[in-house]
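# Structural overview for review
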Amino acid sequence: MNIFIEKLDVTDAEDLFNFELENRTFFEEMVPTRGDEYYNPETFKKRHETLLEEQVKGGSYFYLIKDKDSSILGRINLVDIDESQKIGYLGYRVGQAHTGKGIANKALKILVETVTNEDVKQIKAKTTTNNIASQRILEKNGFERIGTSSEEFEMNGQRLSFVYYALNISSS
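Model, not experiment: these values are computed from the prediction. (Residues numbered from 1 in each chain as written. Predicted model: local features only at pLDDT ≥ 70, side-chain atom pairs only at ≥ 80, totals over all residues. Heavy atoms only, no water.)

So, on to the overall build of the chain. The number of helices and strands found in the chain is four helices and nine strands. In sequence order, the chain lays out its α and β elements as β-α-α-β-β-β-α-β-α-β-β-β-β. For 172 residues, the compact-globule estimate of 2.2 N^0.38 gives 16 Å, and the C-alpha radius of gyration of the chain, at 16 Å, lies within 12% of that figure. Viewed in the frame of its principal axes, the chain has a C-alpha envelope of about 40 × 40 × 35 Å. Considering the chain as a whole, with its 172 residues, one finds that 44% of them fall into the buried category. Considering only intrachain contacts with a sequence separation of at least 6, the fraction spanning at least 24 residues in the chain is 61%. Here the chain has roughly 9,700 Å² of accessible surface; of this, 46% comes from carbon and sulfur atoms. With 22 positive and 28 negative side-chain charges, the chain shows a separation of 4 Å between the mean positions of the two kinds. (Helix = DSSP H or I, 4+ residues; strand = E, 2+ residues; numbered from the N terminus. Rg over C-alpha atoms; globule rule 2.2 N^0.38 Å. Buried < 20%, exposed > 50% of the residue type's maximum accessible area, 1.4 Å probe, protein only. Contact = heavy atoms within 4.5 Å. Areas by Shrake-Rupley, 256 points an atom, 1.4 Å probe, with all protein chains shown as cover. Lys, Arg positive; Asp, Glu negative; His and termini not counted. Charge placed at Lys NZ, Arg CZ, Asp CG, Glu CD.)

In structure tokens:
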């Protein structure tokens, strides 16, 4: 499947809200809930505007993963960018109907190529111990496992920890 990533835009609010709402239950199986308020249309719109402001300031890059028809398949973000150290933190999610198709893997490859041009030298990521698919995607894209948290938390009746990864980027 051919995909591309596109920076989040003001015009994406409605489609993104629908994507998040449609995939809420699925996402909450792997990541902590964002809470009911997140899914209130007015709250979502305000949050969307805040993300766009943060993106303009350069503190984060928010991308949508889209197909040839510009339908949203997922999201991939580089957030909390430390400009002095040139380190950003990765986050991504692919809609339930699009998992297992290599979309997150392709999107991550594109993101790494894109941020190399944005003067980012390292990307850090974390996932949960039960999210083997995400761990494989990170490792396929050259991320090195740097540790597992000794602290556990409960999510959906499971005791989990975070697994930490890092990718050093050299600009060519």
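Moving on from the model shown.
Moving on: unusual backbone geometry. Despite not being glycine, Asp80 shows a phi value in the positive range, around 50°. As for its placement among the helices and strands, Asp80 is situated in strand 3 (residues 72-82). On the accessibility criterion, Asp80 (53% relative accessible area) is exposed. The residue Lys86 is not glycine, and still its phi comes out positive at about 60°. If you trace the backbone, Lys86 turns up in the loop between strand 3 and strand 4 (87-94). Overall, Lys86 belongs to the partly exposed group, its relative accessible area being 27%.

Secondary-structure assignment places Ile81 in strand 3. On the basis of relative accessible area, Ile81 is assigned to the buried category, the value being 15%. Taking the C-alpha atoms as reference points, Ile81 and Leu167, separated by 86 residues in sequence, lie 14 Å from one another.

Sheet architecture is open: seven strands sit in the order 1-2-3-4-5-9-6, paired in mixed fashion. Each having just a single partner strand, strand 1 (3-7) and strand 6 (144-148) make up the two edges of the open sheet. Pairwise comparison of adjacent strand axes, ignoring direction, gives a mean angle of 25° for this sheet. Both strand 6 and strand 9 (residues 162-168) contribute to a ladder of four bridges, which runs antiparallel. Within strand 9, the position partnered with Glu144 by the bridge is Ala166. Of the strands in this sheet, strand 2 (61-67), strand 3 and strand 4 are in contact with helix 1 (residues 13-27), which crosses strand 3 at around 95°. (Pairing = 2+ DSSP bridges. Axes fitted to C-alpha atoms, helices over the stretch in contact; angles between N-to-C directions.)

Turning to helix 1, a few remarks are in order. Owing to its 3.6 residues per turn, the α-helix aligns residues three or four sequence positions apart on the same side. The axis of helix 1 is deflected most strongly, by about 35°, at Leu21. Those residues of helix 1 hidden inside the fold are in contact with helix 2 (41-57), strand 2, strand 3 and strand 4. (Bend = angle between axes of the 7 residues up to and from the residue.)

With that out of the way, let us pick up the packing of helix 1 against helix 2. Viewed as axis vectors pointing N to C, helix 1 and helix 2 meet at an angle of 120°, and their least axial separation amounts to 10 Å. Comparing the axis directions of helix 1 and helix 2 gives the class oblique. The element helix 1 and its partner helix 2 pack so that their crossing is right-handed. On the side of helix 1, the interface is formed by Ala13, Leu16, Phe17 and Glu20, while helix 2 contributes Pro41, Phe44 and His48. The class makeup of the residues in the contact of helix 1 with helix 2 is five nonpolar, one polar and one charged. (Parallel < 35°, antiparallel > 145°, perpendicular 65-115°, else oblique. Left-handed = near helix turned anticlockwise from the far one by under 90°. Nonpolar A, V, L, I, M, F, W, Y, C, P; charged D, E, K, R; others polar.)

Right, let's talk about the environment of Met155 for a bit. Structurally, Met155 is set in strand 7 (residues 153-155). Note on Met155: relative accessible area 7%, which makes it buried. It is 31 Å that separates the C-alpha atoms of Met155 and Ile110, two residues lying 45 residues apart in sequence.

Take Asn141: it is sitting in the loop between helix 4 (132-140) and strand 6. Classification of Asn141 by relative accessible area gives buried; the value is 12%. The sequence separation of Asn141 and Leu160 amounts to 19 residues, and the corresponding C-alpha distance is 24 Å. Beyond its immediate chain neighbours, meaning those up to four positions away, Asn141 contacts Asn105, Leu108, Lys109 and Leu167. Polar side-chain contacts of Asn141 include one of 2.6 Å to the side chain of Asn105. (Polar contact = N/O pair within 3.5 Å; in protein donor to acceptor, adjacent residues only side chain to side chain.)

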